Every structure is written in C-alpha cells, then in structure tokens.
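# Topology and contacts: notes
Listed here are the chains, written in short residue letters.
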Amino acid sequence: MQVARLLPLLGVTLTVASGGPAFPGGDGSALPASSLARWQNGRWQTWWRSDRAPEAWSREQRVLASGLVWSATAAGVEMAQLKLAGRREAWRTRLIVVRLDPAKVRLSLETGHGADGMPSWQVERVDRDVLFAVNAGQFVRTSPWGWLVLDGVERLSPGVGPLSTAITIDREGEVGWIVGDSLPAHRRGGKVRFAFQSYPTLLRNGQVPEPLRQPGRGVDLAHRDARVAIGIEPDGRILVAMTRFDGLGDQLGFVPLGLTTPEMAAVMGALGAQNAVALDGGISGQMMVRSSGDALVWSGLRRVPLALVARPRS
C-alpha cells in the first residue's frame, strides 16, 4: 500500500518539508541529492552526502560503528540503536542494529504458510527459545524469491540477477556469502543446511555496486521506504539493520517511510559490513530481539513466508 493511502487510514497528517536539520544539497552527483546525519553529542552530525558518496567503504570510514553503544541481550547477540535524519520522509529515522556471532548462536530458517497457502510467518509468534528473528529474503506472490534450502533439502532453485546474493548456513553453523556465478558449485557441495537469496546487493567486498551509484541501471535510486538489510563483518559476525520511521513515536514506527537504497548501502558500509544485501522492507520489515526473557518486537503490517532466526547453541 502506498504511503499516501496508508497515512490517512491511520489518522495521520505528515508534513516533511520542515523540521529536519538543514543539509547542503548535491552538486553534480549522479545520485538524487540527499544527506544523512546522526544524532550525537546533542547535535546532528552529517556523515554522508550523495554528491560525495564513496564507491567503497574502508575501515577508516566506519563512522556509524564508532558511535554505537552495544548492549548484550544474550550470548552472541548484541543490539544498538541510533537516531538518523535525512531528506524528505527520512527526516526522522531510527536505526536498530543487531550483531550476531555464529560461533555462539545457531542460525536457521523458518517458513510459514496458512491453510490457504498465504504467507503466515510473523515475528510476534516466534518460539520462546528464539533469541533473534527477522524476515528474510524477498518474495514473489506467496513464495520466497530465489534459492531456498531447508534442513539440507533444496526447495527452490536459484534466482538469477546481477545484484542477487545468497546466504548459506552449513551443518556446523558457519555462514557463507555467495555472489556472482559461484552459486552452482555450492549447490553441488552438499554441505549447505540452510540457504536463501535476496537482492539488491548493497556491498560486495566493501564496494558499492555500480547500479547503486549510477541511475538507469535497473535500481530505483530515489524511492524511499522502511529498510532491512543483512551484512557480514570481516571477522564473520553478522549485522542486521532495520530502519523505522521516528517522527510520530514508537507506535507508528511501522509506517513505511525511510531511506533510499543508496542510503541503506551507506548505512551498512558505515556500520562496518564487508558484504551486505537488502531484505524485504516496507510493511514486511519485522524483527525481534529477546533480552532477559522479554521480547523486543518491531512489527510489520504484512505476514511473510520466510524468516532468519537465532537460537542458543546447545
């Protein structure tokens, strides 16, 4: 559902032309003019601009990672939050970041379909032993898009696309990151226990893909939405980031307003991800983190067919 139709149903009138920090505009960038700032030390600090967007993210450019205050919610699970501000609908955005250590948690995939065949998974209904959960991949109609392996059995064949990324979990719990044409070899290996695909790729070995830097390459670079992304740090830890609209309080955080795809690539690079790919966002985006037995839940408006979950290693 489009935002313009959704907000009146919620009884919300939103004006985004004012109230945010004043940012300098772009001056010749191929990207739509935009900027991102973070709230730190009592003021907004601009850390990314479209007219100066890096083509690659180095260790020295991880400006968001340096400002995070991590809170351990369970063994192998940490969470942090930041306030961001950008242009237009992104003028107030909350960023929730979760870091998972595959050596300390057991990652797996869950599917959900009702008797009518429609997607039925929702984050509020996860089992009590789940420490973390997030909607995974993209989907077409009622089915996940692309390659899907569940408990060692290939359920769906790989999808094809230059910006697709596959994430695997082997029988020892190690996470693999597959891009490009190397996926067929992993299908034949027999070591994959869980796998899914998603798109678009946001970072590839620290590089921002060219279609996210140049218009007309198949990616809408101006569309704004709530975003969810997954990435991997150089040390193998997994980063999951979700944006929530933060202009009308927590109760309306699910409203699908937020960042562009290039801005989300910048977020993942600035968090320290080496590789990253978008997950389904908008009204599908949903996440749960369990802390001291209590579930912190960020709900979505749409049920989905696939989720990534983390449980304690036994």
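Everything below is about the structure printed above this text.
Residues numbered from 1 in each chain as written. Predicted model: local features only at pLDDT ≥ 70, side-chain atom pairs only at ≥ 80, totals over all residues. Heavy atoms only, no water.

### A word on the overall build of the protein chain
In plain terms, the rule: A run of H or I in DSSP becomes a helix once it reaches four residues, and a run of E becomes a strand once it reaches two; helices and strands are each numbered from the N terminus. A simple rule labels every residue: compare its accessible area, found with a 1.4 Å probe on the protein chains alone, to the largest value its type can have, and call it buried under 20%, exposed over 50%, or partly exposed in between. A 1.4 Å probe and the Shrake-Rupley method give the accessible areas. Residues count as covered only by the protein chains that appear here.
Within the protein chain, the regular secondary structure consists of three helices and 21 strands. By residue count, 54% of the 314 residues in the protein chain fall in the buried class. Just so you have it, the protein chain exposes about 14200 Å², and 46% of that area is on carbon and sulfur atoms.

### Some remarks on helix α3 (residues 261–271)
Counting buried positions over the eleven residues of α3 gives eleven, a clear majority of the element. Where α3 is concerned, the buried positions are T261, P262, E263, M264, A265, A266, V267, M268, G269, A270 and L271. Positioned one or two residues after α3, G272 has a phi angle of 105°, which is positive.

### A look at the sheet that holds strand β7 (residues 132–135)
Cut-off, in case you're wondering: Any two strands with at least two DSSP bridges between them are considered paired. Only the contacting stretch of a helix is used when fitting its axis, a line to C-alpha atoms as for every element, and angles between N-to-C directions run 0 to 180 degrees.
As summarised here, the arrangement of the five strands in space is β6-β21-β7-β19-β20, forming an open sheet in which the pairing is antiparallel. Each edge of the open sheet is held by one strand with a lone partner, namely β6 (105–111) and β20 (294–298). Averaged over all pairs of adjacent strands, the angle between their axes in this sheet comes to 15°, without regard to strand direction. Inspection of the sheet shows β6 paired to strand β21 (residues 306–312) by seven bridges, in the antiparallel sense. The partner of S108 across the bridge, within β21, is V309.

### Concerning the pairing of strand β3 (residues 71–74)
Relative to strand β4 (residues 77–85), β3 runs antiparallel, the two being bridged by three bridges. Paired with A74 across the strands is V77, a residue of β4. Hairpin connection from β3 to β4: two residues lie between these consecutive antiparallel strands, with G76 at a positive phi of about 85°.

### Observations concerning the packing of aromatic side chains
Note the threshold: By convention, a stacked pair of Phe, Tyr or Trp rings (six-membered ring in the case of Trp) has centres within 6.5 Å and planes under 30 degrees apart, an edge-to-face pair has planes over 60 apart, and any other such pair is tilted.
Here the structure, examined in full by the defined rule, presents two aromatic pairs. When the centroid spacing of 5.2 Å and the interplanar angle of 70° are considered together, the rings of W39 and W44 count as edge-to-face. Taken together, a centroid distance of 4.8 Å and an interplanar angle of 80° make the contact between W145 and Y199 edge-to-face. Taken as a pair, W145 in the loop between β9 (143–144) and β10 (148–150) and Y199 in the loop between β14 (192–198) and β15 (201–203) lie far apart in primary sequence, 54 residues in all. Look at W145 and you get buried, because its relative accessible area is 17%.

### What about the sheet that holds β14?
Taken together, the five strands give an open sheet; going across it, the order is β11-β10-β14-β12-β13, and neighbouring strands pair in antiparallel fashion. The open sheet has two edge strands, β11 (153–156) and β13 (175–179), and neither has a second partner. Within the sheet, the average angular offset between the axes of one strand and its neighbour, ignoring direction, is 30°. Alignment of strand β12 (residues 165–170) against β13, held across five bridges, turns out to be antiparallel. Note on β13: the bridge partner recorded for A166 is I178.

### Structural notes on unusual backbone geometry
Here the bond from Y199 into P200 is cis, since omega is -5°, no more than 30 degrees from zero. Tracing the backbone shows P200 in the loop between β14 and β15. In this structure, N41 takes a positive phi of about 55° despite not being glycine. When you line up the elements, N41 lands in the loop between β1 (35–40) and β2 (43–49). Residue N41 is classed as exposed on the basis of its relative accessible area, which comes to 70%. Of note in the backbone geometry, R88 takes a positive phi value of approximately 50° without being a glycine. Here R88 shows up in the loop between β4 and β5 (93–100). Judged by relative accessible area, which is 56%, R88 ranks as exposed.

### So, the side chain of D51
We apply this condition: Any pair of N or O atoms that falls within 3.5 Å is considered a polar contact. Within protein, one atom must be able to donate a hydrogen and the other to accept it, and sequence-neighbouring residues count only if both atoms are side-chain atoms.
Mapping D51 onto the fold places it in the loop between β2 and β3. Polar side-chain contacts of D51 include one of 2.5 Å to the side chain of R49.

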